[in-house]
Amino acid sequence: MKLETQASNRNPTSLSAVDKYNVESAEILANSALHLPITQSAPIYEQLLSIFPTAAKYWRQYVEAQMVVNNDDATKQIFSRCLLNCLHVPLWRCYIRFIRKANDKKGVEGQEETRKAFDFMLSYVGADIASGPVWMEYIAFLKSLPAANTQEESQRMTAVRKAYQKAIVTPTHHIEQLWRDYENFENSVSRQLAKGLLSEYQPKYTSARAVYRELKKYVDEIDWNMLAIPPTDSCKDQMQWVAWKRLLAFEKGNPQRIDSASNKRIIFSYEQCLMYLYHYPDIWYDYATWHAKGGSMDAAVKVFQRALKALPDSEMLKYAYAELEESRGAIPSAKKLYESILGDAAQTTALAHIQFIRFLRRNEGVEAARKYFLDARKSPSCTYHVYVAYALMAFCLDKDPKVAHNVFEAGMKHFMHEPLYILEYADFLSCLNDDRNIRALFERALSSLPQEESIEIWKRFTQFERTYGDLATMLKVEQRRKEALSGTSEEGDSALETSLQDLISRYSFKDLWPCSSKDLDHLSRQEWLTKNIGKKVEKSALSDGSAATDKSSSAAAGISAASLKVLRPDTSQMVIYDPKQHQGTAVPSNTTASNLSNPVASVVGAVSNPLLNPSVSMLDSGSANTFDEVLKATPPALIAFLTSLPAVEGPTPNVDIVLSICLQNDLPTGQAKKSTNLPSQRTTGPAPSTSDLSGSSKSHPIPRRQLGKRKDLDRQEEEESTTVQSQPLPRDAFRIRQMQKARGGSASQTGSVSYGSALSGDLSGSTC
Amino acid sequence: MVNVCRETSAGQDTKGSTKSFPKHETRHLSEHKNIARCARFSPDGMFVATGSADTSIKLFEISKIKQMMLPDSKDGPVRPVIRTFYDHEQPINDLDFHPQSTVLISGAKDNTIKFFDFSKATAKRAFRVIQDTHNVRSVAFHPSGDFLIAGTDHPVAHLYDVNTFQCYLSANPPEIGVNGAINQVRYSSTGGMYVTASKDGAIRLWDGVSASCVRSIVGAHRTAEATSACFTKDQRFVLSCGKDSTVKLWEIGTGRLVKQYLGATHTQLRCQAVFSDTEEFVLSIDESSNEIVIWDALTGEKVAKWPSNHIGSPRWIEHSPTEPAFISCGTDRSVRFWKEIL
């Protein structure tokens, strides 16, 4: 997942570093600076900005404080430090204010300066979604320029037009207003010309506006007030990261389908993103690789340089940068980077040695790599990895097994006690097919390593014998292994005798097994059981009285994966629930089952009453709503009649007959036709799509119309907790319910009959 | 064979001393048009769904909820509800998420179980429907996702094969009296067992493979209804809640009452008792004081009582399986999210 990559890229930040980036205290500090004279606040700002170099809001606060006291030189200096790194519209507007003020009284020259400043500004932040007002200000400024003669006037007009035409293809908050202004402008210049120009620009504007609407969704997700702090695990930071990634992906999709400017927009988005995600190596890396992919290596290099300034400790970025330099042939610069990764001897890692050796081998040849290896050996940070890496390089790249062998042998002096080194060495020897030396190596290692560290060696040894040895050596080594490891926790006491598992592992090959996975499961369960035979008693004693946990430690934890295997229902051991089947007949085996299913069956039986058949046939055609049609088809007068029926407690009048007569008489549509011959249809069991259950239950017209709607449901809400009339109801429960339904809200007492139980067995009295 | 007590559940190492339940913040999430009746988290903890008496189901995305709860959340309001499903004709009783795919099921009073695919933004209706014969009070997916079990007014749970819709019953259920409607059914983590909580006050354990009843704890909540039951992750214990105002922990292997969590009255609603994500705590509801009550799961001591912030007692409480966060649904129609203050 995205979030995880981001989290794993995180630099480890010490506690003090976290404190350094404390947002709250920074805000407090910045607020306090607001009320101080500039001489006192300047150092505060400098301090804040050294921690948050891309915090445009602080830069702006700082520069405004300087502007208030007309400190022009300092202002200029601050602008020169921040503008290019902070593509932040309010900050840049500050700048333009400053420029305009400075050039206000300087006449034509000043105007030219101001215009240049505007152009400069718009080339940097003109793509911002909030840059609308800047464009407007610019256009207003252009319009305000004096024009002495017609030529100048037409020049001015051209300039204004150009500005408009740029502004209306930029997705900004004010794009619609800008378009209207532009229309007015063109119309005021020349009606005839306007038509052609506007119709040319209309589609471009429309597309920009569409993009704006889309873009706004992404932009709204972003917190433009956020301070750039190193990545944390907080939800908010992660959301911001996601929001930025989405915005970048959107811009990369070139939504406006423009050719040249799209790269500019992407660069702009990356630059803005890095103001906020300044400490995120993944963004820096993406940005640089994006540049590199587009062919602008120099730009990529610049990004990496800035990235390393932002994250000087990021090894990842250094490798990335070095990779770029190396791949474009800038070896000296790459070498410098590698050397900086190596840093001072005290902090060098083995990995840095290894990568540097590989780099040297690639670019300066065997000899340079060898020389460095000889030096690196003396370094305190040289681990067995360096030996292995160098030996494998000699073997695989230089095709020189002799050198490789010598290196491994030399390493043995230092790393005799490293089981992993032994294994690497053995791997190398098996590449040479040197089985004699491998055996010797294993024996040497096993004689010197303590038991708990030799488990892996033994494992490899047996594997080796399985490949290289004959049956006798194979069995012998396995037996020796058992004896040697019998005391460790890994192998229980019982494991001493050869088990079936050993045989399985001897006779399996890669992913081929001499048994089924079920057998394997079985065996591992048995193994677990044997291990826990002794523990069983103690465990139940432990759980005595409390503890919802099983603390029987690592052994059981290891098995949890196996027993987490999902157990599937074996439906052959169950009975198929099929109310239809049970109809009228005795039900399987024991009495309770019949007890359970008979009510259902009898309801089904009742349903076969011709009265209800119309709905049956229609339901069979698939739509569950057809029964509603029946009710809809019922004339309003009948519904009114039904609703005005009094609620009846106790024995009910035979409403079924009343209703059936009504229904049969009044159904105006062709639906009534189907009411004949339906019992046979029902028994043929239609419902092709679903099982017996759903098929059969379709013969209950369950979907019912909610006359009472939600108000009614309110009342039913707690009905399940109310006591339910448990005496058997006299008639077909279904129709009773229909009647109650039809009576709607007026019959609140009927809430005492549970709807849910209507089908289940009011007849047997087993309501709820 | 029942697969009892194999695993250890992570986390709980201390024994004896009562832990304190971390402070939570709460936020009103959404409003149904009628009582919010049930809620369920997806197994990965990324989504939560609520079902209501207004027959609708709302699906929330947890990350959006969290975004909404940010103190300095952006001006634009975040809408955590990502889907609303209207397809039932009667109040929703219970919900469950498919263990692997983006499918949500609902059981409702209209005797149906409906399947909703929430990967599609536009689908409001169910794409499959199981028509049961009874009021479907509780639904739970088998961990394989190929089966689901439904607790209904019928005293024996209905096992459905999700692919064929064939419905299976236990071949030899025990004698269950007239009041055996199932209030809740839940699978254990491996599917090796399921538990039912019935109106007759009994908790019954059923073998997940054969569907035979392996243990009936009759009178678990005396004559009062048992309203909820769920397994611990290690499948060794079952937590049950009843209208006798008790919450009880049962050892499955022996059927012994191991622990009681007392001091919360719940006699009216189908009250839930749930574990926190680490199973260190038990959460339930006190109807009379309208509070959420939290106990230390090990010691049984009450560690917190918080006003529910609902008008009238909440009806349902459900804890996230993955993080310290839970959700409460109220008779006041509202849904509230609670999460630990970091």
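Basis of the calculations
All chains use their own residue numbering, which begins from 1 and follows the written sequence. The lettering of chains begins at A and the numbering of ligands begins at 1, in the order of writing. Local features in a predicted model are, by the rule used here, given only for residues with pLDDT of at least 70; side-chain atom pairs are given and counted only at 80 or more, and totals for whole chains, interfaces and linings are based on all residues. Note that water and hydrogens are dropped before the side-chain values are worked out from all heavy atoms of the structure. UniProt positions are given in the numbering used here, feature names are shortened, and annotations may be inferred rather than shown by experiment. Only DSSP runs of H or I covering at least 4 residues are called helices, and only runs of E covering at least 2 are called strands; the numbering of each starts at the N terminus. Partly exposed residues are those whose accessible area sits between 20% and 50% of the maximum for their type, while under 20% is buried and over 50% is exposed, using a 1.4 Å probe and protein chains only. Each accessible area is a Shrake-Rupley result for a 1.4 Å probe, and residues are judged covered by the shown protein chains and nothing else. The quantity called pLDDT is the predictor's confidence in a given residue, expressed from 0 to 100. The criterion used for residue contact is that any of the two residues' heavy atoms lie within 4.5 Å. Think of it this way: DSSP has to see at least two bridges between two strands before they count as a pair. For cavity detection a 1 Å grid was placed over the protein atoms alone, and a set of points counts as a cavity when a 1.4 Å probe fits there but cannot get out; an open set counts as a pocket when protein lies on both sides within 12 Å along at least five of seven lines, with lining residues being those that have an atom within 4 Å of a point. Grid points are joined across faces, edges and corners, and a volume is the space filled by probe spheres set on the points. Axis angles are defined between N-to-C directions and span 0 to 180 degrees, where every axis is a line fitted to C-alpha atoms and, for a helix, only to the segment in contact. Any angle between 65 and 115 degrees counts as roughly perpendicular, while under 35 counts as roughly parallel, over 145 as roughly antiparallel, and the rest as oblique. The sense of a crossing depends on the near helix, which, turned anticlockwise from the far helix by less than a right angle, makes the crossing left-handed and, turned clockwise, makes it right-handed. Each residue gets one of three labels, nonpolar for Ala, Val, Leu, Ile, Met, Phe, Trp, Tyr, Cys and Pro, charged for Asp, Glu, Lys and Arg, and polar for the others, Gly among them. A pair of Phe, Tyr and Trp rings is counted when the ring centres sit within 6.5 Å of each other, with Trp represented by its six-membered ring. The angle between the planes then sorts it: under 30 degrees is stacked, over 60 is edge-to-face, the rest tilted. Note on geometry: a ring has a charge over it if NZ (lysine) or CZ (arginine) is within 6 Å of the ring centre and within 35 degrees of the ring normal.

Chain B goes by Cleavage stimulation factor 50 kDa subunit in an unreviewed UniProt entry, where it is assigned to Hibiscus sabdariffa. As stated in UniProt under Subcellular location (unreviewed entry), the record for chain B gives "Nucleus".

You'll find chain A entered in an unreviewed UniProt entry as Suppressor of forked domain-containing protein, with Hibiscus sabdariffa given as the organism.

Student: Help me understand the overall build of chain A in this model?
Tutor: Across its full length, chain A carries 39 helices and one strand. Burial analysis of chain A (768 residues in total) assigns 45% to the buried set. With an accessible surface of roughly 38,600 Å², chain A has 54% of that area assigned to carbon and sulfur atoms.

Student: What am I meant to see in the confidence of the model for chain B here?
Tutor: Any segment with low pLDDT has predicted coordinates that should not be analysed in fine detail. Residues and elements named next belong to chain B. With 94% of its residues at a pLDDT of 70 or more, chain B shows a mean pLDDT of 88. Taken as a whole, residues 1-15 scores under 50 in pLDDT and shows 58 contacts with residues more than four places along the chain or in a different chain. Here the complex is predicted with pTM 0.54, and the ipTM for its interfaces comes to 0.79.

Student: When you look at the pairing of strand E12 (residues 158-161) of chain B in this model, what are you seeing that I'm missing?
Tutor: Taken residue by residue, a regular strand's side chains alternate between the two faces of the sheet. Residues and elements named next belong to chain B. Burial along E12 is two-sided: His158 and Tyr160 and Leu159 and Asp161, pointing in opposite directions, are all buried. With four bridges connecting them, strand E11 (residues 147-152) and E12 associate as antiparallel partners. Directly across from Phe147, in E12, lies its bridge partner Asp161. The turn joining E11 and E12, which pair antiparallel and follow one another in sequence, is formed by five residues. Bridge count between E12 and strand E13 (residues 167-169): two bridges; the pairing is antiparallel.

Student: Mind showing me how you'd approach the environment of A:Tyr338 here?
Tutor: Residue and element names in this part refer to chain A. Inspection of the secondary structure puts Tyr338 in helix H18 (residues 331-342). Between the alpha carbons of Tyr338 and Lys318 there is a distance of 7.7 Å; along the sequence they are 20 residues apart. Look past the residues within four positions of Tyr338 in its chain and what remains in contact with it is Tyr319, Ala322, Glu326, Gln355, Phe356, Phe359 and Arg362.

Student: Before we go on, may I ask you to explain empty space enclosed by the protein in this structure?
Tutor: The method is simple in principle: a probe with the dimensions of a water molecule rolls over the atoms, and the space it marks as empty is what remains. Residue and element names in this part refer to chain A. One pass over the structure, following the stated rule, counts five cavities of 30 Å³ or more. Here the largest cavity defines a volume of roughly 100 Å³. If you trace the largest cavity, you find 13 residues lining it, with Ile129, Val219, Leu247, Phe268 and Gln272 closest to the centre. The leading source of residues in the lining of the largest cavity is helix H14 (residues 260-276), at four residues.

Student: Just to check I follow, could you spell out the sheet that holds strand E1 (residues 24-31) of chain B for this structure?
Tutor: Backbone hydrogen bonds hold the strands of a sheet together, and the pairing may be parallel or antiparallel. Residue and element names in this part refer to chain B. Across the sheet, which stays open at both edges, the four strands sit in the order E1-E29-E28-E27 with antiparallel pairing between neighbours. Each edge of the open sheet carries a strand with a single partner, namely E1 and strand E27 (314-319). Each strand axis lies, on average, 20° off the axis of its neighbour in the sheet, ignoring direction. Where strand E28 (residues 325-330) lies against strand E29 (residues 334-340), five bridges are found, and the strand directions are antiparallel. Bridge pairing in E29 places Phe326 opposite Trp338. Against the sheet, helix H1 (residues 62-69) engages E1 and E29, with an angle of about 110° to E1.

Student: Could you clarify how one ought to interpret the sheet that holds strand E2 (residues 36-41) of chain B in this entry?
Tutor: Residues and elements named next belong to chain B. Taken in spatial order, the four strands make up an open sheet running E2-E3-E4-E5, and their pairing is antiparallel. The sheet is open, and its two borders are formed by E2 and strand E5 (81-86), each paired with just one other strand. Recorded for the sheet is a direction-independent mean angle of 20° between the axes of neighbouring strands. Alignment of strand E4 (residues 56-61) against E5, held across five bridges, turns out to be antiparallel. Paired with Ile57 across the two strands is Phe85, which belongs to E5. With respect to the sheet, H1 is in contact with E2, strand E3 (47-52), E4 and E5, its orientation differing from that of E4 by roughly 70°.

Student: Hey, could you run me through the packing of helix H19 (residues 350-363) of chain A against helix H20 (residues 366-378) of chain A in this one?
Tutor: For any two helices packed against each other, one specifies the inter-axial angle together with the distance between the axes. Residues and elements named next belong to chain A. Orientation of H19 relative to H20, taken along the N-to-C sense of each, is 160°, at an axis distance of 7 Å. In this view, H19 runs roughly antiparallel relative to H20, as classed from their interaxial angle. When you trace H19 past H20, the crossing you get is right-handed. Across the interface between the two elements, His353, Phe356, Ile357, Leu360 and Arg361 from H19 touch Val366, Ala368, Ala369, Tyr372, Phe373 and Ala376 from H20. In terms of residue class, the contact of H19 with H20 is made up of nine nonpolar, one polar and one charged.

Student: Would you mind going over the pairing of strand E8 (residues 112-117) of chain B with me for this structure?
Tutor: Residues and elements named next belong to chain B. Of all six residues that make up E8, six are buried, and the element is covered over most of its length. Residue alternation in E8 divides its side chains into two sets, Thr112, Lys114 and Phe116 and Ile113, Phe115 and Asp117, and both sets are buried. Alignment of strand E7 (residues 103-108) against E8, held across five bridges, turns out to be antiparallel. Counted as the bridge partner of Val103 is Asp117 from E8. Note that E8 and strand E9 (residues 128-131) share four bridges and pair antiparallel.

Student: Help me understand unusual backbone geometry, please; the structure alone is not making it clear to me.
Tutor: Glycine aside, residues mostly have negative phi, and peptide bonds are mostly found in the trans state. Residue and element names in this part refer to chain B. The backbone of Thr55 sits at a positive phi, close to 75°, despite the residue not being glycine. Within the secondary structure, Thr55 sits in the loop between E3 and E4. Classification of Thr55 as buried rests on a relative accessible area of 6%. Even without being a glycine, Glu279 presents a positive backbone phi close to 65°. For Glu279, the location among the structural elements is in the loop between strand E23 (274-275) and strand E24 (281-286). According to the relative accessible area criterion, Glu279 is buried, its value standing at 3%.

Student: Looking at this model, I keep getting lost on the packing of aromatic side chains. Mind explaining?
Tutor: Any two aromatic rings considered together are summarised by their centre-to-centre distance and by the angle between their planes. Throughout the structure, instances matching the rule amount to 58 aromatic pairs over all chains. Between A:Trp244 and A:Tyr276, the aromatic rings sit 5.8 Å apart at their centres with planes inclined by 25°, giving stacked as the arrangement. Placement of A:Trp244 in helix H13 (residues 235-252) and of A:Tyr276 in helix H14 is noted, with a sequence separation of 32 residues between them. The buried category is assigned to A:Tyr276, whose relative accessible area is 4%. Judged by centre distance (5.4 Å) and plane angle (20°), the ring pair of A:Phe304 and A:Tyr321 falls under stacked. Residue A:Phe304 is found in helix H16 (residues 297-310), and its partner A:Tyr321 is found in helix H17 (residues 315-327); the two are separated by 17 residues along the sequence. Members of the aromatic cluster, joined through ring pairs, are A:Phe373, A:Tyr384, A:Tyr387, A:Tyr390, A:Phe395, A:Phe408, A:Phe415, A:Tyr421, A:Tyr425 and A:Phe428. When the ring centre of A:Tyr201 is taken as reference, the NZ or CZ atom of A:Lys204 above it lies at 4.5 Å. Over the aromatic face of B:Phe115 sits the side chain of B:Arg128, whose NZ or CZ is 5.9 Å from the ring centroid.

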